[in-house]
Amino acid sequence: MSVPNNTFSEMAAVMRSAKRIGIASHIRPDGDAIGSLLGLALSLRLEGKQVIPLSNDGVPWNLAFLPGTDQIVKPAGDVLELDLAISVDTASKERVGPNSVIAMSAAKKSINIDHHGSNPRYADLNYIDSTAPAVGQILYDFLSAENFPMDDAVRQNLFAAISTDTGSFQFPSTTARTHQIAAEMINAGLDTGALASKLYDQHPMRRVELLRAMLNEMQFRKGQRIVSWNYTQAAKKQLNVQQGDTEGLIDHLRAIDTVVAAVIFEEQKDGNIRISARSKSDAVNVAEVCGRFGGGGHRLAAGATLPGPITAAAETYLNELENEVG
Ligand SMILES: [Mn+2]
């Protein structure tokens with residue numbers, strides 16, 4: 001990467017000199033998006049800043065229990081007066097969503113903190129660490145190193161970010177530091193058991209029915225080394241699926257012993273097909289395969305969007321993937 005990262009102290013100085021700060025994460029937010037957004041927002045508020053946490057698509061039900069989600073603003077298309085705009089976990093400038101782009105468009109300065117290697121460093125100050133398993137981990141190290149305040153609400157959000165993006169500390173991206181951070185948070189009083197229960201043991205029956213449909217309809221290729229599921233608008237409507245229901249769904253496919261790569265093809269309202277791909281092998285780089293279709297992500301977890309119809313999109317993508325799985 002040609003442009004080096006800014007330092008933690010450079011970013012801290014810019015944050016400390018700003019009065020009004022907008023923070024946003026990506027559309028269709030997951031645990032790392034909401035947890036990182038709020039972890040940073042609540043810490044900067046404790047520091048005395050006016051902070052507006054923005055989420056273009058609101059908050060999915062499964063993360064609504066996190067402290068501070070009631071203060072997240074769903075922008076309506078207005079331009080906000082901001083000294084500083086910060087994006088977290090957002091691989092491209094547009095991925096905060098159209099209304100968040102508008103909301104932050106007049107900010108005097110911008111900071112971009114992310115762990116997607118494909119991030120083009122679109123802000124005034126950039127910190128991209130593709131070895132970090134979650135942006136929550138980068139933020140914990142940043143806030144600690146620069147002596148920003150952390151209370152239980154900040155820790156809950158950062159722990160949720162780290163736990164969800166590491167598959168509960170299971171993915172190979174998990175480092176010794178990840179576990180050290182969890183230990184530091186527990187020593188500081190965080191109840192990780194209660195938090196994990198809220199994150200993972202609260203599935204509504206609707207979500208269980210969605211899992212049942214996936215297991216009924218999944219298809220295998222390459223001697224069961226590839227598994228995929230075509231997730232249609234019809235299924236979404238029939239099961240009354242809500243934002244957040246699909247989080248962790250693909251891990252059930254990934255967990256099958258023979259499987260090397262798992263893919264969900266999700267039909268969008270506009271007819272485009274959103275691809276979520278996971279790999280269990282360093283030899284199969286799904287970010288590279290998704291990149292051929294204009295997408296990206298991490299080696300073992302990536303995404304892309306293809307035009308419909310869903311069966312044709314699946315066929316096109318799986319043919320490419322088959323060559324990689326060998
Ligand atoms: Mn992330």
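Residues numbered from 1 in each chain as written. Predicted model: local features only at pLDDT ≥ 70, side-chain atom pairs only at ≥ 80, totals over all residues.

1. Observations concerning the sheet that holds strand β6 (residues 219–221)
Strand pairs in the sheet, formed through backbone hydrogen bonds, run parallel or antiparallel to each other.
Stage number 1. What the six strands build is an open sheet, ordered β6-β7-β8-β9-β11-β10; its pairing is mixed. Of all strands in the sheet, those bounded by a partner on one side alone are β6 and β10 (296–298). When the angles between neighbouring strand axes are averaged without regard to direction, this sheet yields 20°.
Stage number 2. Note: strand β7 (residues 226–231) against strand β8 (residues 261–267), six bridges, orientation parallel. In the strand pairing of β8, W229 is matched with I264.
Stage number 3. Against the sheet, helix α12 (residues 310–325) contacts β6, β7, β8, β9 (273–279) and β11 (301–306), and its axis sits at roughly 165° relative to β7. (Pairing = 2+ DSSP bridges. Helix = DSSP H or I, 4+ residues; strand = E, 2+ residues; numbered from the N terminus. Axes fitted to C-alpha atoms, helices over the stretch in contact; angles between N-to-C directions. Contact = placed C-beta atoms within 7 Å.)

2. Section: the domain arrangement of the protein chain
One frequent convention defines the size of an interface as the accessible area lost when the parts assemble.
Stage number 1. As assigned here, the protein chain comprises domain 1 (8–200) and domain 2 (205–325).
Stage number 2. A C-alpha centroid distance of 26 Å is found between domain 1 and domain 2.
Stage number 3. Counting residues at the interface gives twelve residues for domain 1 and eight residues for domain 2.
Stage number 4. A class-by-class count of the residues in the side of domain 1 that touches domain 2 yields six nonpolar, four polar and two charged. (Domains from an automatic or database assignment. Nonpolar A, V, L, I, M, F, W, Y, C, P; charged D, E, K, R; others polar.)

3. Some details on the environment of Q233
Stage number 1. Along the chain, the position of Q233 falls in helix α9 (residues 233–239).
Stage number 2. For Q233, a count of 15 C-beta atoms within 10 Å puts it in the partly exposed group.
Stage number 3. For the pair Q233 and S17, spaced 216 residues apart in sequence, the C-alpha separation works out to 47 Å.
Stage number 4. Setting aside its immediate chain neighbours within four residues, Q233 contacts E267 and K269. (Buried ≥ 20, exposed ≤ 12 C-beta atoms within 10 Å, placed from the backbone.)

4. Focus on the packing of helix α5 (residues 152–165) against helix α7 (residues 192–200)
Stage number 1. Where α5 contacts α7, the axes come no closer than 11 Å and their chain directions differ by 60°. Regarding the angle of α5 to α7, the classification is oblique. Between α5 and α7 lies a crossing whose hand is right-handed. Side by side, α5 and α7 meet where Q156, F159, A160, S163 and T164 of the first sit next to T192, L195, A196 and L199 of the second. (Parallel < 35°, antiparallel > 145°, perpendicular 65-115°, else oblique. Left-handed = near helix turned anticlockwise from the far one by under 90°.)

5. A few points about the packing of helix α2 (residues 31–46) against α5
When two helices pack together, their arrangement is given by the angle between their axes and by how far apart the axes lie.
Stage number 1. Orientation of α2 relative to α5, taken along the N-to-C sense of each, is 155°, at an axis distance of 7 Å. With respect to their mutual orientation, α2 and α5 come out roughly antiparallel. Both α2 and α5 take part in a crossing whose hand is left-handed. Touching G31, D32, G35, S36, L38, G39, L42 and S43 of α2 are A153, V154, N157, L158, A160, A161, T164 and D165, all from α5.
Stage number 2. Looking at the contact of α2 with α5 residue by residue, the class counts come to seven nonpolar, seven polar and two charged.

6. So, the pairing of β9
Stage number 1. Extensive coverage of β9 is indicated by the burial of six of its seven residues.
Stage number 2. With seven bridges joining them, β8 and β9 adopt antiparallel strand pairing. From the neighbouring strand, V263 faces β9, where its bridge partner is A277.
Stage number 3. Hairpin connection between β8 and β9: a loop of five residues separates the two successive antiparallel strands, and G271 in this loop has a positive phi of roughly 95°.
Stage number 4. Looking at chain direction, β9 and β11 are connected through six bridges and run antiparallel. Residue pairing across strands places I275 opposite A304, the latter belonging to β11.

7. A word on helix α4 (residues 135–145)
Stage number 1. Of all eleven residues in α4, eight are buried; the element is thus mostly enclosed.
Stage number 2. Backbone geometry just downstream of α4 places N147 in the positive-phi region, at approximately 60°.

8. Examining the environment of I113
Stage number 1. Structurally, I113 can be placed in strand β4 (residues 109–114).
Stage number 2. In sequence terms I113 and I138 are 25 residues apart; their C-alpha atoms lie 8.1 Å from each other.
Stage number 3. Apart from residues no more than four positions distant in its own chain, I113 is found in contact with I86, V88, Y127, V135, I138 and L139.

9. Describing unusual backbone geometry
Stage number 1. Here the amide bond leading from G308 into P309 is cis, since omega sits at 0°, within 30 degrees of zero.
Stage number 2. Structurally, the position occupied by P309 is in the loop between β11 and α12.
Stage number 3. Although it is not a glycine, R28 adopts a positive phi angle of roughly 45°.
Stage number 4. Looking at the element boundaries, R28 is found in the loop between β1 (20–24) and α2.
Stage number 5. C-beta crowding within 10 Å serves as the criterion here: with 16 such atoms nearby, R28 is assigned to the partly exposed category.
Stage number 6. Positive phi, normally seen in glycine, also occurs at Q224, with a value near 65°.
Stage number 7. Among the secondary structure elements, Q224 is positioned in the loop between β6 and β7.
Stage number 8. Overall, Q224 belongs to the exposed group, with 12 C-beta atoms counted inside 10 Å.

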